[in-house]
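# Structural features, examined
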Amino acid sequence: QAFAFPSVKDDYFAEFIVYLSIKAIANDLSIWSIAKDNDQTLLLIANDYQNSGHSTTISKIRQTRGECELLCDVLDFYLNVNNIHDLEPFDVLLERLTKDPVIKKFSASCGKKTLNGKSIVLSWDVENYTQILLDGKDVTTQISNTLTINSSTTYTLTVINGHKRTTKSITVSSFSSPSIAI
């Protein structure tokens, strides 16, 4: 068995859980009742981590005042990391989640007009995001999307960061090919 040298990243999650627990209890003292009967944990138990979407404790923490809702978003991020080397300090994640999302560019390859049945490429350049939606469909891992246009359509790009969002729309007009009567 190989020996793994300790890393500063080993404690990122534990530090975060201590911070989250203290903030949650400070914002809502009734949360202390969740932890007072359990000597082995602060607030969260193994089942909370394994089923975070269904955890009543996490749900209650998310509903408290202050930054706890945002801290629960950081918890979601940590719980989705598969490799300890991909962890970041929670203060870095908090800073990233509190920045306003920015749409630097959102455009269609055809400009504002095209022929019916033509493929167009919608492309974007965004910053400070946790999720990108194109007409409500998650396209977070993409920088463009190819579509076939059959009618004039307005496309809306929504960029989300934490609990902040910004949107931008573009309309592409579509027309039929002209026919020439002989």
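Each chain has its residues counted from 1, running along the sequence as written. It should be noted that, the model being predicted, local features are given only for residues of pLDDT at least 70 and side-chain atom pairs only at 80 or more, the latter also being counted only at that level, while totals for whole chains, interfaces and linings use all residues. Side-chain measures were taken over the full set of non-hydrogen atoms in the model, leaving aside hydrogen atoms and water.

### Looking at the nonpolar core
The term nonpolar core refers to a set of buried residues drawn from Ala, Val, Leu, Ile, Met, Phe, Trp, Tyr and Cys, joined through side-chain atoms within 4.5 Å. Relative accessibility under 20% of the residue-type maximum defines a buried residue, over 50% an exposed one, and the middle range a partly exposed one, all with a 1.4 Å probe and only protein chains included. By size, the foremost hydrophobic cluster in this structure holds 24 residues, and its most contacted members are F16, L44, I61, V74 and Y78. Among the elements that make up this core, the one with the highest residue count is helix α5 (residues 68–79) (seven residues). Counting residues in hydrophobic clusters, the runner-up holds 16 residues, among them F106, L122, W124 and V126. Secondary structure elements are defined from DSSP: runs of H or I of at least 4 residues count as helices, runs of E of at least 2 residues count as strands, and each element is numbered from the N terminus.

### Focus: the side chain of T57
Topologically, T57 is positioned in helix α4 (residues 56–62). Judged by its relative accessible area of 10%, T57 is buried. In contact with T57, not counting residues within four places along its chain, are I34, L43, L44 and D48. The contact definition used throughout considers only heavy atoms, calling two residues in contact when any of these lie within 4.5 Å.

### Quick look at the environment of K60
Along the chain, K60 falls in helix α4. You can call K60 partly exposed: its relative accessible area is 31%. Separated by 29 residues in sequence, K60 and I31 place their C-alpha atoms 7.8 Å apart. Among residues more than four places away in sequence, those in contact with K60 are D28, S30, I31 and I34.

### Describing α5
A helix is expected to span 1.5 Å for every residue after the first. Here α5 spans 16 Å end to end across twelve residues, near enough to the 16 Å set by a 1.5 Å rise per residue. Of the surrounding elements, those touching the buried residues of α5 are α1 (12–27), α3 (46–50), α4 and α6 (90–98).

### What to know about the packing of α1 against α5
For the pair α1 and α5, interaxial distance at closest approach is 10 Å and the crossing angle is 155 degrees. In this view, α1 runs roughly antiparallel relative to α5, as classed from their interaxial angle. Regarding α1 and α5, the two cross each other, and that crossing is left-handed. Residues Y12, F13, F16, I17, Y19, L20, K23, A24 and N27 of α1 pack against C68, L71, V74, L75, Y78 and L79 of α5. Here the nonpolar group is Ala, Val, Leu, Ile, Met, Phe, Trp, Tyr, Cys and Pro; Asp, Glu, Lys and Arg are the charged ones; every other residue, Gly included, is treated as polar. Class assignment of the residues belonging to the contact of α1 with α5 gives a composition of 13 nonpolar, one polar and one charged. With axes taken as lines fitted to C-alpha atoms, and helix axes fitted only over the stretch in contact, angles between N-to-C directions fall between 0 and 180 degrees. Roughly parallel refers to an angle under 35 degrees, roughly antiparallel to one over 145, roughly perpendicular to one between 65 and 115, and oblique to any angle outside these ranges. Rotating anticlockwise by less than a right angle from the far helix to the near helix defines a left-handed crossing, while the corresponding clockwise rotation defines a right-handed one.

### As for the layout of surface pockets
Detection works on a 1 Å grid of protein atoms alone, calling trapped sets that fit a 1.4 Å probe cavities and calling open sets with protein on both sides within 12 Å along at least five of seven lines pockets, with lining residues defined by an atom within 4 Å of a point. Grid points are joined across faces, edges and corners, and a volume is the space filled by probe spheres set on the points. As a volume, the largest pocket reaches approximately 190 Å³. Among the secondary structure elements, those contributing two or more residues to the lining of the largest pocket are α5 and α6. In terms of residues, the lining of the largest pocket owes the most to one element, α5, which gives four residues. Class assignment of the residues belonging to the lining of the largest pocket gives a composition of five nonpolar, two polar and three charged.

### Focus on the side chain of T64
With respect to the secondary-structure elements, T64 resides in the loop between α4 and α5. Judged by its relative accessible area of 9%, T64 is buried. A distance of 2.8 Å separates a polar atom in the side chain of T64 from the backbone oxygen of I61. Apart from the residues within four sequence positions on either side, T64 is in contact with N27, D28 and I31. What qualifies as a polar contact is a pair of N or O atoms within 3.5 Å, subject to a donor-acceptor requirement within protein and to the restriction that residues adjacent in sequence count only when both atoms come from side chains.

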